[in-house]
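In case you want the letters, here they are:
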Amino acid sequence: MSFVSWKGKMKIPLLDLKAQYGTMRQEMEAALRKIIENQDFILGEEVKALEKEVAAYCDTAHGVGVASGTDALVLALKALDVSSGDEVITTPFTFFATAESISIVGAKPVFVDIDPRTYNIDPALIAKKITKKTRAIMPVHLYGQCADMDPIMDIARKHELKVIEDNAQGIGATYKGRKSGSMGDIGALSFFPSKNLGGFGDGGMVVTNDERLAEKIRVLRVHGSAVRYIHSEIGMNSRLDNLQAAVLRIKLKYLDGWLEARRKNAKFYDEKFKGLPLVTPHVPTYNTHTYHQYALRVKGPGSRVQEKIMKHLINCGIETRTYYPIPLHLQDCYKGLGYKKGDIKESEAACEEVFSIPVYPEMTQAQKEYISGRIAGFFK
């Protein structure tokens with residue numbers, strides 16, 4: 001898609017799905033037309049094929065398609081028998097669905113602060129939060145970069161806890177050569193349209209190497225029924241449809257190329273922002289980042305620098321957004337947990353200092369130069 005320029009300005013969205021669609025329009029339309037003509041919509045052959053392909057891509061044995069990334073987390077918790085009275089340790093610097101899924105199954109989210117460099121949960125702070133009620137740890141691979149999984153898995157094994165990877169943003173990322181979603185007991189994926197692998201609507205998948213867990217989730221996603229009209233337990237309606245699966249199968253073929261383009265764009269920004277009072281994404285040597293978001297940071301919580309630079313970019317026609325403006329422990333719905341401002345300092349500071357800029361694969365050189373120039377201009 002070409003962007004309109006006016007009075008020296010460009011208009012650049014945070015993500016341009018129209019540009020992506022333009023590269024595969026005929027392929028998409030043919031696949032969707034086939035499904036419509038066959039009238040095969042729910043848990044069909046495309047879903048079965050996608051489950052195998054995504055599982056293989058994630059280096060796992062099983063994939064189970066579900067209706068959303070949120071449902072993937074909920075079903076993972078249900079499959080692990082996490083329920084009322086249990087506690088699950090996670091991060092407050094993430095999208096709401098992470099903690100929401102824990103609450104939906106009746107458990108209590110216990111929030112642990114982040115590593116301020118990667119924005120992922122800090123493994124060094126987990127052990128002190130473990131109680132007799134703790135059943136699982138749910139690390140989030142935020143912005144497309146894996147959490148530090150080895151110490152998390154060590155803690156889980158020591159305390160006999162389960163690990164659910166919230167991999168909604170991280171498909172394709174690696175940690176010490178291992179794929180995101182493959183290291184814990186279960187990995188949860190989101191196929192929301194804005195994700196690096198996104199459908200034409202909601203969708204998600206659970207990946208695991210445990211055949212028993214995979215089969216249990218297959219039953220839970222269809223109302224707890226393995227045989228029609230026979231229900232072995234209380235499940236839910238969470239089925240990935242064939243139309244979404246067809247779209248995702250096509251996009252999966254392009255995913256590695258898109259991720260490499262994101263990394264190339266991120267490297268361009270890293271070079272351009274040297275010498276500016278900005279913190280660019282920190283990537284440990286053992287990680288491969290997929291840059292679902294390219295998140296910059298301006299130091300100084302309460303100084304409103306984040307707000308000012310975002311306003312400047314919007315005035316320049318550049319879409320920008322904060323992921324996430326309010327940490328989960330300070331959300332109104334979690335007041336009952338007893339947290340107050342100042343309790344989880346690194347997450348709170350990140351909310352006031354981090355902002356994301358466009359990094360999508362189809363960006364032109366002119367767009368990247370324009371963005372980096374306007375950011376440099378703000379500080380000059």
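As a reminder, the structure under discussion sits directly above these lines.
Computed from a prediction, not measured in an experiment: that's the story for all the values here.

Focus: the side chain of serine 101
1) Next: With respect to the secondary-structure elements, serine 101 resides in helix 5 (residues 97-104).
2) Next: For serine 101, a relative accessible area of 0% corresponds to the buried category.
3) Next: Once residues lying within four places of it in the same chain are set aside, the contact partners of serine 101 are Thr70, Leu73, Val74, Leu77 and Met138.

A short note on a nonpolar patch on the surface
1) Next: There is a patch of nonpolar side chains on the surface, built from Ile36, Phe41 and Ile42 and spanning about 260 Å² of accessible area.
2) Next: Inspection of the secondary structure puts isoleucine 36 in helix 2 (residues 25-38).
3) Next: Classification of isoleucine 36 as partly exposed rests on a relative accessible area of 47%.

So, the packing of helix 4 (residues 69-79) against helix 7 (residues 211-220)
1) Next: It is the contact of helix 4 with helix 7, at a shortest axis distance of 9 Å, that shows an interaxial angle of 120 degrees. Relative to helix 7, the element helix 4 is oriented oblique. The hand of the helix 4/helix 7 crossing is right-handed. Taken together, the residues of helix 7 that come into contact with helix 4 (itself represented by Leu75, Ala76, Lys78 and Ala79) are Leu213, Lys216, Ile217 and Leu220.
2) Next: Its residues assigned to classes, the contact of helix 4 with helix 7 comprises 6 nonpolar, no polar and 2 charged.

Details of helix 5
1) Next: Those residues of helix 5 that sit buried are Ala97, Thr98, Ala99, Ser101 and Ile102.
2) Next: Looking at the packing, one finds that the buried side of helix 5 touches helix 4, strand 4 (87-90), strand 5 (108-111), strand 6 (134-138) and strand 7 (162-166).
3) Next: At the exit of helix 5 stands glycine 106, carrying a positive phi of roughly 95 degrees.

Let's talk about the sheet that holds strand 8 (residues 174-175)
1) Next: Across the sheet, which stays open at both edges, the 3 strands sit in the order 9-8-12 with antiparallel pairing between neighbours. Looking at which strands have only one partner, the edges of the open sheet turn out to be strand 9 (178-179) and strand 12 (287-288).
2) Next: Sheet topology places strand 8 next to strand 12; 2 bridges connect them, and they run antiparallel. Within strand 12, the residue paired with tyrosine 175 across the bridge is asparagine 287.

Criteria and cut-off values
- Residues numbered from 1 in each chain as written.
- Predicted model: local features only at pLDDT ≥ 70, side-chain atom pairs only at ≥ 80, totals over all residues.
- Heavy atoms only, no water.
- Helix = DSSP H or I, 4+ residues; strand = E, 2+ residues; numbered from the N terminus.
- Buried < 20%, exposed > 50% of the residue type's maximum accessible area, 1.4 Å probe, protein only.
- Contact = heavy atoms within 4.5 Å.
- Patch = residues over 30% accessible without salt bridge, like charges linked within 9 Å, V, L, I, M, F, W, Y side chains within 5 Å.
- Areas by Shrake-Rupley, 256 points an atom, 1.4 Å probe, with all protein chains shown as cover.
- Salt bridge = Lys/Arg side-chain N within 4 Å of Asp/Glu carboxyl O.
- Axes fitted to C-alpha atoms, helices over the stretch in contact; angles between N-to-C directions.
- Parallel < 35°, antiparallel > 145°, perpendicular 65-115°, else oblique.
- Left-handed = near helix turned anticlockwise from the far one by under 90°.
- Nonpolar A, V, L, I, M, F, W, Y, C, P; charged D, E, K, R; others polar.
- Pairing = 2+ DSSP bridges.

In short, the description is geometric, and any link to function would need to be established separately.
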